Amino acid sequence: MTQHTQIDHVIVGAGFAGLCAAIKLDEDGERDFVVLEKGEDVGGTWRDNTYPGAACDVPSQLYSFSFAPNREWSRSFSAQPEIQDYLQRVARDSGTLDRFRFDTAMRDATWDDASQRWIVTTDDTTYAARTLISGTGALSEPRLPDIDGIDSFAGEVFHSARWDHDSDLRGKRIAVIGTGASAIQIVPELQRVAGELHVYQRTAPWVIPRHDRTYSGLERFALRRVPGLQQLYRTAIYWGRETYVPVFTRWPRLAAPVEQVAKANIRKGISDPELQRKVTPDFQLGCKRVLISNAYYPALDADNTELVTDPISKVTPTGIVTADGTEREIDVLVVATGFHTTDMPIAEHITGRSGRTLAAVWAEHGQSAYKGTTVSGFPNLFFIVGPNTGLGHSSMVFMIESQVTYIRKALRAMRRNDFAELDVRADAERAWSEEMQRRMEPTVWHTGGCSSWYLDEHGNNTTLWPRTTFAFRGELASFDIDKYDVAAPATTHEPATLAGSSAGGQR
Ligand code: NAP
């Protein structure tokens, strides 16, 4: 019989989400946990996305944990190495790294009713865990395009999130498929070194200027030394960003002046009127993520770059053929086609009380989770960055901290009341998801005339949060146990009772 390692919590993923969970559980005295991380380091998406030009398009001051402010940011929008350094530092300083297992993927997690635990397997260990906390995020599994012949390409090919740094790109003929957030950062870098650069655009994105700058020595000194200054700066940026919310969710037409700014950005960066026309979006600003760059349009305008808007019909061993029959020969193919967002890959590996995987449950109506965190029939499973928690306008770190607060309160309720199980009620989850979809109706993500990774195959937006981030924090500020079925440890054969309250159903 397989030996099970008894443990309180298994956390999956060591990016911002998993790291935050580990630190805060540790702070609460919930020290019996392991963090399973398939990569060799902390950092998650910031460890994986090392492509040239990788940087954050959320201002640096907002892009750190509230409990671990980074006094060292060198500029207003940080590049990937600085963010990765920050995460490594926070992990080191937290004293929790002894419980991180790197190069260790979670294979499967199955709820076991008899022991009231998650049986979690890795290649070499089987854990029996009281709770399972997923911090794998929405942007971890690259989505490769389903293009005829792509496997036959004989040159080098890699996804933006799996950059091959051994590849010498100087003077090469390079193709980039995609014009999303990653591609617009990669293209200017490649244009500088490539012999020829072909950029394959399916949909032109909105790109506004990037107001990025290096902090002066004086500014850095002041941010480090003047008490409260960094917090003030952060707060000002936070509230500035929240003003986008009513525009995206209620009155998308208010974004018209920003569209004019974006069009001016096109005219500034591109001289050729035909190219200007090709890069002008045909949907409302905000419908897809609004991108920021000063370098993208000039790179498209350069002599060694061609923007290809004819649809790709196939990839051959030597190049890419478009619908008009033209074949462009290339040496290197960069696939910047995004991630699995509405079909979270971890869901295939989690089996709940009914014996069905989460992927199978979600396949029926699309992914959903109560408060983006818990799923009915999957007791003691908590998501961080779960369904309908994504943002287009502000920092995911704020959402992550809000969810971790909720999880901590759930764990405290379990300890206090000696509950072995918490299972969100199906009606509570359904009502929450219906409210999400109702709130989506007037948003630019539905009405803006684009198709985006925010929407699933049913046309539902199951990825973004449709309200302010402070509303999210408010919703998750306390643990609403009345929305949960609870159960006492089976061995006691006693029904669970809620200390000081009669709320909450019992199994
Ligand atoms: P993305 O935004 O999903 O963009 C994917 C691009 O690939 C789109 O232009 C898409 O075209 C194109 N594409 C997909 N399949 C294709 C196909 N079969 N043929 C041709 N083109 C295809 O992916 P991403 O750029 O990697 O960004 C993903 C998310 O990561 C962003 O939205 C953002 O949240 C995050 N991100 C953030 C930063 C940052 O903070 N700086 C940087 C990078 C990424 P369509 O538009 O027509 O679908």
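Details of the structure are given in the entry above.
Residues numbered from 1 in each chain as written. Predicted model: local features only at pLDDT ≥ 70, side-chain atom pairs only at ≥ 80, totals over all residues. Heavy atoms only, no water.

A.B. asks: Quick question: what am I supposed to make of the side chain of Ser-167 here?
C.D. replies: For Ser-167, the position within the fold is in the loop between strand E7 (156-159) and strand E8 (173-177). A residue is classified by how much of its surface remains accessible, and Ser-167, at 10% relative accessible area, is buried. In terms of polar contacts, Ser-167 uses its side chain to reach the side chain of Glu-156, at 2.8 Å. Beyond its immediate sequence surroundings of up to four residues, Ser-167 is in contact with Glu-156 and Phe-158. (Helix = DSSP H or I, 4+ residues; strand = E, 2+ residues; numbered from the N terminus. Buried < 20%, exposed > 50% of the residue type's maximum accessible area, 1.4 Å probe, protein only. Polar contact = N/O pair within 3.5 Å; in protein donor to acceptor, adjacent residues only side chain to side chain. Contact = heavy atoms within 4.5 Å.)

A.B. asks: Hey, could you run me through the packing of helix H1 (residues 16-27) against helix H3 (residues 80-94) in this one?
C.D. replies: One way to put it is that H1 packs onto H3 with a least axis distance of 11 Å and a crossing angle of 20°. With respect to their mutual orientation, H1 and H3 come out roughly parallel. Note on packing geometry: the crossing formed by H1 with H3 is left-handed. Taking contact as the criterion, the partners of Phe-16, Leu-19, Ile-23 and Asp-26 in H1 are, on H3, Ile-83, Tyr-86, Leu-87, Val-90, Ala-91 and Ser-94. For the contact of H1 with H3, the residue count by class is eight nonpolar, one polar and one charged. (Axes fitted to C-alpha atoms, helices over the stretch in contact; angles between N-to-C directions. Parallel < 35°, antiparallel > 145°, perpendicular 65-115°, else oblique. Left-handed = near helix turned anticlockwise from the far one by under 90°. Nonpolar A, V, L, I, M, F, W, Y, C, P; charged D, E, K, R; others polar.)

A.B. asks: Can you walk me through empty space enclosed by the protein in this structure?
C.D. replies: Using the criterion set out here, one finds four cavities of 30 Å³ or more in the structure. What the largest cavity holds in volume is close to 60 Å³. Taken together, Val-245, Phe-248, Thr-249, Gly-390, Leu-391, Gly-392, His-393, Trp-445, Leu-464, Trp-465 and Arg-467 make up the full set of residues lining the largest cavity. Sorting elements by how many residues they give to the lining of the largest cavity places helix H7 (residues 244-249) first, with three residues. Among the residues forming the lining of the largest cavity, the class breakdown is six nonpolar, four polar and one charged. (1 Å grid on protein atoms, 1.4 Å probe; cavity = no way out; pocket = protein on both sides within 12 Å on 5 of 7 lines; lining within 4 Å. Points joined across faces, edges and corners; volume = space filled by probe spheres on them.)

A.B. asks: Sorry if this is basic, but what is going on with the environment of Thr-235 here?
C.D. replies: When you line up the elements, Thr-235 lands in helix H6 (residues 229-242). As a C-alpha pair, Thr-235 and Leu-190 span 45 residues in sequence and 36 Å in three-dimensional space. A distance of 2.7 Å separates a polar side-chain atom of Thr-235 from the backbone oxygen of Gln-231.

A.B. asks: So what exactly am I meant to see when it comes to the site of the ligand here?
C.D. replies: Taken together, 22 residues form the shell around the ligand, and within it Ala-55, Asp-57, Ser-182, Thr-203 and Lys-288 come nearest. In this structure, an oxygen atom belonging to the ligand sits 2.6 Å away from a side-chain N or O atom of Lys-288. With the chains in place, 84% of the 900 Å² that the ligand exposes on its own is no longer accessible. It is helix H4 (residues 181-193) that provides the largest number of residues to the shell around the ligand, a total of three residues. Classifying every residue of the shell around the ligand gives ten nonpolar, eight polar and four charged. Taken domain by domain, the makeup of the shell around the ligand includes at least three residues from each of domain 1 (5-141 + 340-487) and domain 2 (150-205 + 251-335). (Near = heavy atom within 4 Å. Areas by Shrake-Rupley, 256 points an atom, 1.4 Å probe, with all protein chains shown as cover. Domains from an automatic or database assignment.)

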